[in-house]
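Each chain is listed here by its residues.
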Amino acid sequence: MSNKQTQMINTYCIRKGLIRKANLNYNIQKYISKNPNSILKKSTPETWFFEVIHIDYLDEALEEIFEVVQECKENDERIEEEKVKFILKPSLGNKGAEIKIFYSIEQLRNVFEGNKTLDDKEDHEEDEDEEKEVEVEEAEVEIEEVDDDDDESMFHIREWVIQRYISNPLLINNRKFHIRSYILAISNLRVYLYKEMLALFALNSYSPTDINNSLSHLTNTCLQVNENSFKESNQVKLFWDLSSEEGINVNDLEIIFDQIKLILNDCFESVSNEVIQFMPLENAFELFGFDFLVDQHKNVYFLEANSFPDFKQTGDRLSHVISSLFEGTIKLAVAPFFKDEKISSDNEDSNFCLIFNKYNKYKK
């Protein structure tokens, strides 16, 4: 901060309003209340904040999500194919860690009560000034949460979100997939979408009633690589190649792409003024990974945003995609800063499209 003209960093210090699912949902709902015509109103799955302080307080936590509890009770009267499903996710986490699908409160309880109790050694009281702390500590927490192979690691997690499960995903060869896009945020604040998006496929055929078949429902490549049936070329594809390789209409891909741009614009607009939760610095930039899901009607849903995305998901076959991403990042974010020049048509990159400019609002 004291060397804004000569030093640049590749991360924003404070961005919990974007990468924490609970914080992000709060900001999006706040934005929708002021902008009811925003695309986020239909593109964000219904989400509930679920805070489990200690296993002994699980009943109290359930009282705060009474809509979910009621829906699960009504599931008792529904046949298997018609049960409404929900998905439980850590508020801060990635790589598909600790994600559970459920349609009954008993199943939700078993996620917590079926294991050992929460670690009593953790002090769960949050300091009132936590919002002002730099995100470096949060990044360390995230690593501990998602990389610890011990099942007990989930009990260090206090904040969760529950989302209404999108049960009618667009299937290709009867497999579910999600779209991974790379987003470049520069200074305070221009945001670019890298056009070479990925389609990451589930390993198993989609089985809507078998919620325990995680390889059918979860499309994270890192969950699949140790499976014997994993083949990189089948699991990781370029979004725009879905037309030639999988027969998806090019016009449908364009419709999906346009929705993603609008979602990203409104998402960044929803956090751009929340300085306590999202503080872009003029001498900083960051690459984020944003995930989207498409349903059978070509509607796009925004799932989550990740800091320090796992570029390994791209694999060796498509490594050139990441090389081009880094080259464009240097061209758009780094070189102009040290040359002290404005972004112009001369140093724009055709692989990126501007989707948000805080000081010159942009929408297609």
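Residues numbered from 1 in each chain as written. Predicted model: local features only at pLDDT ≥ 70, side-chain atom pairs only at ≥ 80, totals over all residues. Heavy atoms only, no water.

Going by what an unreviewed UniProt entry lists, the chain is known as Tubulin-tyrosine ligase and is assigned to Rhizophagus irregularis.

A. Seen up close, the sheet that holds strand S1 (residues 47-51). The strand order across the open sheet built from 4 strands is S1-S4-S2-S3, with neighbouring strands paired in antiparallel fashion. The open sheet has two edge strands with one neighbour each: S1 and strand S3 (100-102). Taken over all neighbouring pairs, the strand axes of this sheet differ in orientation by 25 degrees on average, direction set aside. (Pairing = 2+ DSSP bridges. Helix = DSSP H or I, 4+ residues; strand = E, 2+ residues; numbered from the N terminus. Axes fitted to C-alpha atoms, helices over the stretch in contact; angles between N-to-C directions.)

B. Looking closely at helix H12 (residues 319-339). Spanning 21 residues, H12 covers 29 Å between terminal C-alpha atoms, matching the ideal 30 Å at 1.5 Å per step. Of all the bends in H12, the greatest, near 35 degrees, is centred on Ile 330. Considered for burial, the residues of H12 that qualify are Val 321, Ile 322, Ser 324, Leu 325, Gly 328, Thr 329, Leu 332, Ala 333, Val 334, Pro 336 and Phe 337. (Expected span 1.5 Å × (residues − 1). Bend = angle between axes of the 7 residues up to and from the residue. Buried < 20%, exposed > 50% of the residue type's maximum accessible area, 1.4 Å probe, protein only.)

C. Structural detail: the pairing of strand S10 (residues 285-294). Extensive coverage of S10 is indicated by the burial of 10 of its 10 residues. Burial along S10 is two-sided: the residues Phe 285, Leu 287, Gly 289, Asp 291 and Leu 293 and Glu 286, Phe 288, Phe 290, Phe 292 and Val 294 are all buried. Pairing geometry for strand S6 (residues 175-186) and S10, over 8 bridges, is antiparallel. For Ile 179, the partnering residue across the bridge sits in S10 and is Phe 292. The sheet contact formed by S10 and strand S11 (residues 300-307) spans 7 bridges and is antiparallel. Looking at the pairing, Val 294 lines up with Val 300 of S11.

D. Quick look at helix H6 (residues 105-113). Considered for burial, the residues of H6 that qualify are Ile 105, Leu 108, Val 111 and Phe 112. Taken end-on, H6 shows its buried residues confined to a sector of 115 degrees, consistent with a single buried face. Packing partners of the buried residues in H6 comprise S1, helix H4 (58-63), helix H5 (66-75), strand S2 (86-90), S3 and strand S4 (159-164). (Arc of directions from axis to C-beta. Contact = heavy atoms within 4.5 Å.)

E. Structural detail: unusual backbone geometry. A cis amide bond, omega 15 degrees, links Asn 188 with the succeeding residue Leu 189. Of note, the phi angle at Ser 187 is positive, near 50 degrees, even though the residue is not glycine. With respect to the element layout, Ser 187 can be found in the loop between S6 and strand S7 (190-194). With a phi close to 70 degrees, Lys 298 is a non-glycine residue in the positive phi region. With respect to the helices, strands and loops of the structure, Lys 298 is situated in the loop between S10 and S11. A relative accessible area of 22% places Lys 298 in the partly exposed class.

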